[in-house]
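Topology and contacts: notes
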Protein chains: 2
Amino acid sequence: MMAREPHRVVVIGGGFGGLNATRSLAPADVDVTVVDRTNHHLFQPLLYQVAAGILPPGLIAPSLRSVIKKQRNARALLADVSDIDLEQRRVHAVGPDDRPLDLPYDTLVVAGGATHAYFGHDEWAEYAPGMKTIEDARHLRSHILTAFEMAELATDPKERAEWLTFVIIGAGPTGVELVGQVAELAHLVLPKEYRSVDTTEARILLVEGAGAVLGPFDPKLQRYTQHRLEKMGVEIRLNALAVGMDDESITIKGGGPDPAATETIRTRTRIWAAGVQASPLAAMLAARTGAETDRAGRVLVNPDCTLPGHPEVFAIGDMVSLNKLPGVAQPAIQEGRYVGKVITSRLAGDGQPRPFEYADKGSMATVGHRHAVADAFGMKVTGWIGYTMWGAVHVLYLIGWGNRLGTIYTWARGLTFSRNRGHRLITFEQANSEATGPVAPRSAPPAAGVAPPVQEQPPA
Amino acid sequence: MMAREPHRVVVIGGGFGGLNATRSLAPADVDVTVVDRTNHHLFQPLLYQVAAGILPPGLIAPSLRSVIKKQRNARALLADVSDIDLEQRRVHAVGPDDRPLDLPYDTLVVAGGATHAYFGHDEWAEYAPGMKTIEDARHLRSHILTAFEMAELATDPKERAEWLTFVIIGAGPTGVELVGQVAELAHLVLPKEYRSVDTTEARILLVEGAGAVLGPFDPKLQRYTQHRLEKMGVEIRLNALAVGMDDESITIKGGGPDPAATETIRTRTRIWAAGVQASPLAAMLAARTGAETDRAGRVLVNPDCTLPGHPEVFAIGDMVSLNKLPGVAQPAIQEGRYVGKVITSRLAGDGQPRPFEYADKGSMATVGHRHAVADAFGMKVTGWIGYTMWGAVHVLYLIGWGNRLGTIYTWARGLTFSRNRGHRLITFEQANSEATGPVAPRSAPPAAGVAPPVQEQPPA
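Residues numbered from 1 in each chain as written. Chains lettered and ligands numbered in written order. Predicted model: local features only at pLDDT ≥ 70, side-chain atom pairs only at ≥ 80, totals over all residues.

**Some remarks on the environment of A:Leu281**
All names here are of chain A. With respect to the element layout, Leu281 can be found in helix α9 (residues 280-289). With 22 C-beta atoms packed within 10 Å, Leu281 lands in the buried category. Along the chain, Leu281 and Ile84 lie 197 residues apart, while their C-alpha atoms are 8.5 Å from each other. Excluding residues within four positions of it along the chain, Leu281 makes contact with Ile12, Val81, Val110, Gly112 and Met319. (Helix = DSSP H or I, 4+ residues; strand = E, 2+ residues; numbered from the N terminus. Buried ≥ 20, exposed ≤ 12 C-beta atoms within 10 Å, placed from the backbone. Contact = placed C-beta atoms within 7 Å.)

Here it is, written out as structure tokens:
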């Protein structure tokens with residue numbers, strides 16, 4: 001009797017969704033291939049700490065191979081998916097050195113994630129970098145630190161002020177955490193390191209299209225966050241939109257008594273944290289299955305995360321729209337695990353499990369030095385208690401005890417004896433090219449046929 | 001009575017020489033400005049551990065500002081020196097954003113270091129990257145790891161073998177430490193992570209122009225090193241020269257019974273550790289002071305590290321030739337401290353101190369997993385005792401207790417419970433551009449008027 005070929009599962013993307021789908025298939029009689037265009041699983045919620053020079057990238061981006069090393073029915077491949085043939089059930093991808101790759105599947109899990117979006121203003125990518133990849137974070141780090149270096153070199157006070165002005169667009173968790181870090185750098189870390197410049201004179205603005213910071217959080221936590229940030233010297237502009245920008249300025253509409261008034265602020269650093277847009281794979285799947293997409297280009301999936309007419313194709317995470325879940329780690333993690341169970345259950349002939357149900361584990365965000373807001377475990381907490389809760393949860397979800405201990409060590413070092421930031425490199429290449437002037441977008445360029453981005457910021 | 005302007009010292013370069021000169025001037029009545037084209041002090045002896053994915057760059061590259069934060073008479077500037085005007089006593093430099101900078105000095109300390117050199121074969125830079133900067137090390141890391149990824153993707157066994165062949169050119173300490181790391185990756189770290197490929201089948205070659213590995217070391221330690229490397233599966237070719245290379249091969253002359261015979265080895269990874277060449281500032285100073293340069297482009301300085309006819313200009317470290325000292329950290333450190341003392345002594349009117357005298361503190365190199373050779377403290381030791389000694393000395397010379405503890409933690413994690421490498425990123429950009437094909441040189445391009453490189457490898 002011939003041995004039966006195991007059921008082939010291809011997982012596109014090694015983020016929260018893809019990795020959890022892969023891991024939950026460990027006991028199943030399947031062959032799993034997870035394809036990612038980098039070699040690592042990125043723990044996105046701590047990426048802003050790389051941009052701030054706190055954590056080294058390695059602690060939050062373990063190699064996918066090492067993570068699934070012991071799962072003998074899984075393997076990882078480094079390649080960028082270029083096409084999905086739903087009829088022939090094959091994934092086409094391109095590896096390094098333009099190596100074409102052709103992966104047949106019996107079941108497909110698509111977890112392509114999302115990237116930042118500029119509301120149809122793609123030219124802003126040049127002036128306001130966002131943060132989705134390790135490269136993005138390294139670039140932001142170099143950009144922010146170089147601005148202080150340039151302020152130290154500047155002889156014209158007007159120019160110096162421009163280098164010391166930082167504008168963060170978007171006051172969701174990423175924007176709030178980033179603005180807190182810029183304030184911490186300016187007020188706590190850098191002051192004694194500069195001789196010509198007083199870094200505490202830095203002007204730090206947070207621009208938000210909605211009427212409150214941290215949109216989906218409880219109003220009490222929103223007010224606390226706003227108060228804390230203002231105490232740290234952050235100017236907050238609510239109901240304000242970016243309507244224009246160039247290499248040396250940004251123009252804001254609203255945010256004051258007159259909602260139609262515009263103001264141009266001279267600044268050499270603009271950081272984009274305002275909008276996301278699903279991976280182009282979402283639009284591709286939608287076009288080929290007749291599924292709908294939402295404004296953020298996310299594909300609408302069935303209650304069991306499959307695509308219409310294709311029970312063998314699952315889509316999960318930031319690139320899908322399901323029950324209005326937010327684009328954060330927990331839905332992707334839970335969907336990944338759910339999909340693994342569905343596949344296992346089907347192969348065992350146990351029939352179709354119940355539709356996906358999301359267990360809300362709450363939300364958290366740091367608000368500068370040793371402070372955070374947390375809405376979790378049925379509590380709404382702030383301050384250092386929130387911060388401790390935030391730290392414990394994030395360390396717990398990191399992969400590998402080595403990375404957990406390393407992160408605890410690095411945080412302990414920064415919170416107690418030294419306010420230094422240990423990982424703040426500006427390399428020769430960065431100092432001489434990308435660090436200051438207009439920058440090329442650092443994330444992967446979206447493929448053709450991309451959907452219009454989500455308008456978290458209403459159109460100007 | 002008007003306050004006297006403090007004596008202005010400009011230090012070019014924040015490496016071992018420049019940083020130690022700066023620090024030893026802390027008690028003096030001077031204003032020190034240290035200019036570097038990156039923002040960090042690089043601890044070069046551990047750079048190969050970044051290339052091997054062991055250490056994150058931040059632990060061995062603390063920001064210069066943070067290092068001299070408490071030294072109130074010193075400041076750091078991020079700029080690349082373009083010219084030195086010895087008559088007007090001014091240093092011209094270029095900061096980020098092409099910002100011109102003009103620094104007058106009373107005393108100048110030039111510590112511009114060295115970069116790798118290709119014996120007049122500059123085109124080899126494209127095919128055999130070297131390792132002098134953090135960028136170089138990140139690039140090498142991505143290059144080595146991507147070779148294993150490509151082997152996993154390859155379907156043709158011949159091509160797979162090419163991706164699994166690694167050739168390191170030069171068996172000095174850098175070459176020996178790097179080749180040991182590649183062997184460790186192939187034999188200890190990666191084997192269980194790949195499904196199609198047996199990484200222990202990797203072919204790893206070390207090519208050396210001289211008749212022994214670790215040239216300046218004791219013959220007993222040389223023999224031990226050769227034996228250890230061979231036991232780890234490294235093929236060693238002594239008396240062998242690289243005479244040609246392209247994207248997929250390298251041609252070696254000698255290394256066998258017939259010294260004139262050539263052999264072409266198919267390989268996708270060549271790493272250059274064979275030659276160094278002084279910073280172009282050495283040639284510039286030589287041309288303007290009438291000083292001589294040696295074959296490596298190093299400028300010959302007076303016994304007190306000054307330049308002929310310019311007692312106010314010191315040159316130190318890898319870019320100078322003095323008493324045939326090797327281009328490693330200790331001479332640069334000691335020269336930096338010496339120069340600081342000379343300047344302090346002159347200002348105090350204490351006259352000229354004695355010429356620089358080098359205190360040989362020995363030499364050490366790791367030889368793969370948990371082994372090292374050390375010729376220090378009057379002992380010649382090998383194995384894990386050598387390794388412990390090596391580790392203790394290197395941790396001691398790192399800057400900052402935070403970096404020391406972080407390094408000890410990272411090493412302990414890798415030496416005991418896990419053979420994993422925590423810091424081995426391949427980013428999307430790296431996977432899609434520079435990681436595999438021919439590469440542009442990653443170090444700063446040498447300026448015009450550069451001296452011919454040193455022929456550590458005799459001409460072919």
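**A look at the nonpolar core**
Of all hydrophobic cores here, the largest spans 291 residues; its most connected members are A:Val109, A:Leu285, A:Ala315, B:Val109, B:Leu285 and B:Ala315. The contact partners of B:Val109, leaving out residues within four places of it in the chain, are B:Val9, B:Val11, B:Ile12, B:Gly18, B:Ala21, B:Phe314, B:Ile316 and B:Val339. (Core = buried A, V, L, I, M, F, W, Y, C linked by C-beta atoms within 7 Å.)

**A look at the relation of the copies chain A and chain B**
Laying chain A over chain B is done by rotating through 180 degrees and shifting 0.0 Å along the axis; what remains is an RMSD of 0.0 Å. Here the copies are linked by what is in effect a two-fold axis. Using C-alpha coordinates, one finds that chain A approaches the rotation axis most closely at A:Pro56, a distance of 3.1 Å. Residue by residue, 100% of the interface of chain A is reproduced at the interface of chain B, so both copies engage with the same surface. (Least-squares fit on C-alpha atoms with pLDDT ≥ 70 in both.)

**Some details on the sheet that holds strand β3 (residues 74-78) of chain B**
All names here are of chain B. Across the sheet, 6 strands lie side by side as β3-β2-β1-β7-β19-β18; this open sheet has mixed pairing. Strand pairing shows two members of the sheet lacking a second neighbour, β3 and β18 (306-307), which therefore form its edges. When strand β2 (residues 30-36) meets β3, the two strands line up parallel, connected through 5 bridges. Counted as the bridge partner of Val35 is Leu77 from β3. Packing of helix α1 (residues 16-24) onto the sheet brings it into contact with β1 (7-12), β2, β3 and β7 (107-110), and relative to β1 it is tilted by some 160 degrees. (Pairing = 2+ DSSP bridges. Axes fitted to C-alpha atoms, helices over the stretch in contact; angles between N-to-C directions.)

**A short note on unusual backbone geometry**
Residues and elements named next belong to chain B. One non-glycine residue, Asp97, lies in the positive phi region at around 65 degrees. Take Asp97: there are 17 C-beta atoms within 10 Å of it, and that puts it in the partly exposed class. For Cys305, which is not glycine, the phi torsion reads 70 degrees and is therefore positive. Tracing the backbone shows Cys305 in the loop between β17 (299-300) and β18. Looking at Cys305, the number of C-beta atoms within 10 Å reads 24, which means it is buried.

**Remarks on helix α9 (residues 280-289) of chain B**
All names here are of chain B. For α9, a buried count of 7 out of 10 residues is recorded, marking the element as mostly surrounded by other parts of the structure. Every buried residue belonging to α9 is among Pro280, Leu281, Ala282, Ala283, Met284, Leu285 and Ala286, and all of these are buried. Positive backbone phi, approximately 80 degrees, marks Gly290, located one or two places after α9.

**Considerations on the sheet that holds strand β22 (residues 372-376) of chain A**
All names here are of chain A. If you walk across this open sheet you meet the 3 strands as β21-β22-β23, and the pairing is antiparallel. Two strands lie at the open edges of the sheet, namely β21 (363-366) and β23 (379-381), each paired on one side alone. On average, adjacent strands in this sheet sit at an angle of 5 degrees to one another, irrespective of strand direction. The pairing of β22 with β23 spans 3 bridges and is classified as antiparallel. Residue pairing across strands places Ala374 opposite Val381, the latter belonging to β23. Here helix α11 (residues 383-397) sits on the sheet in contact with β21, β22 and β23, set at roughly 70 degrees to β22.

**Points about helix α10 (residues 329-347) of chain A**
Residues and elements named next belong to chain A. Taking 1.5 Å of rise per residue, 19 residues should cover 27 Å, and α10 covers 28 Å from first to last C-alpha, within 8% of that figure. For α10, the full list of buried residues reads Ala329, Pro331, Ala332, Ile333, Gln334, Glu335, Gly336, Tyr338, Val339, Gly340, Val342 and Ile343. Contacts made by the buried residues of α10 are with β1 (7-12), α1 (16-24), β2 (30-36), β7 (107-110) and β19 (310-315). The positive-phi residue at the C-terminal boundary of α10 is Gly349, with phi of around 70 degrees. (Expected span 1.5 Å × (residues − 1).)

**Re the packing of helix α12 (residues 401-415) of chain A against helix α12 (residues 401-415) of chain B**
Viewed as axis vectors pointing N to C, α12(A) and α12(B) meet at an angle of 170 degrees, and their least axial separation amounts to 11 Å. Accordingly, the angle class assigned to the pair α12(A) and α12(B) is roughly antiparallel. Contact with α12(A), carried on its side by A:Gly402, A:Gly406, A:Tyr409 and A:Arg413, involves B:Gly402, B:Gly406, B:Tyr409 and B:Arg413 of α12(B) and no other residues of that element. (Parallel < 35°, antiparallel > 145°, perpendicular 65-115°, else oblique.)

**Description of the interface of chain A and chain B**
Taken together, the contact pairs 52 residues of chain A with 53 residues of chain B. Contributions of two or more residues to the side of chain A that touches chain B are made by α3 (57-60), α4 (64-67), β3 (74-78), β6 (99-104), α5 (134-153), α12 and α13 (428-434) of chain A. In terms of residues, the side of chain A that touches chain B owes the most to one element, α5(A), which gives 8 residues. Taken together, the residues of the side of chain A that touches chain B break down into 18 nonpolar, 19 polar and 15 charged. (Nonpolar A, V, L, I, M, F, W, Y, C, P; charged D, E, K, R; others polar.)

**Topic: the pairing of strand β9 (residues 165-169) of chain A**
Residues and elements named next belong to chain A. For β9, the tally of buried residues reaches 5 of 5 residues, placing the bulk of the element in the interior. Sheet topology places β9 next to strand β10 (residues 203-207); 5 bridges connect them, and they run parallel. Looking at β10, one finds that Ile169 is bridged to Val207. Handedness of the crossover joining β9 and β10 through helix α7 (residues 173-189): right-handed. (Right-handed = clockwise from strand over helix to strand, strands pointing away.)

**Some points on the packing of α1(A) against α10(A)**
Residues and elements named next belong to chain A. Between α1 and α10, whose axes approach to 7 Å, the crossing angle comes to 30 degrees. Classified by the angle their axes make, α1 and α10 are roughly parallel. At the point where α1 passes α10, the crossing takes the right-handed sense. Contacts between α1 and α10 involve Phe16, Gly17, Gly18, Leu19, Asn20, Ala21 and Ser24 from the former and Ala329, Ala332, Ile333, Glu335, Gly336, Arg337, Val339, Gly340 and Lys341 from the latter. (Left-handed = near helix turned anticlockwise from the far one by under 90°.)

**Remarks on the confidence of the model for chain A**
Looking at chain A as a whole, the pLDDT averages 92, with 93% of positions reaching at least 70. In the predicted complex, the global pTM is 0.93; the interface-specific ipTM is 0.92. (pLDDT = per-residue confidence, 0-100.)

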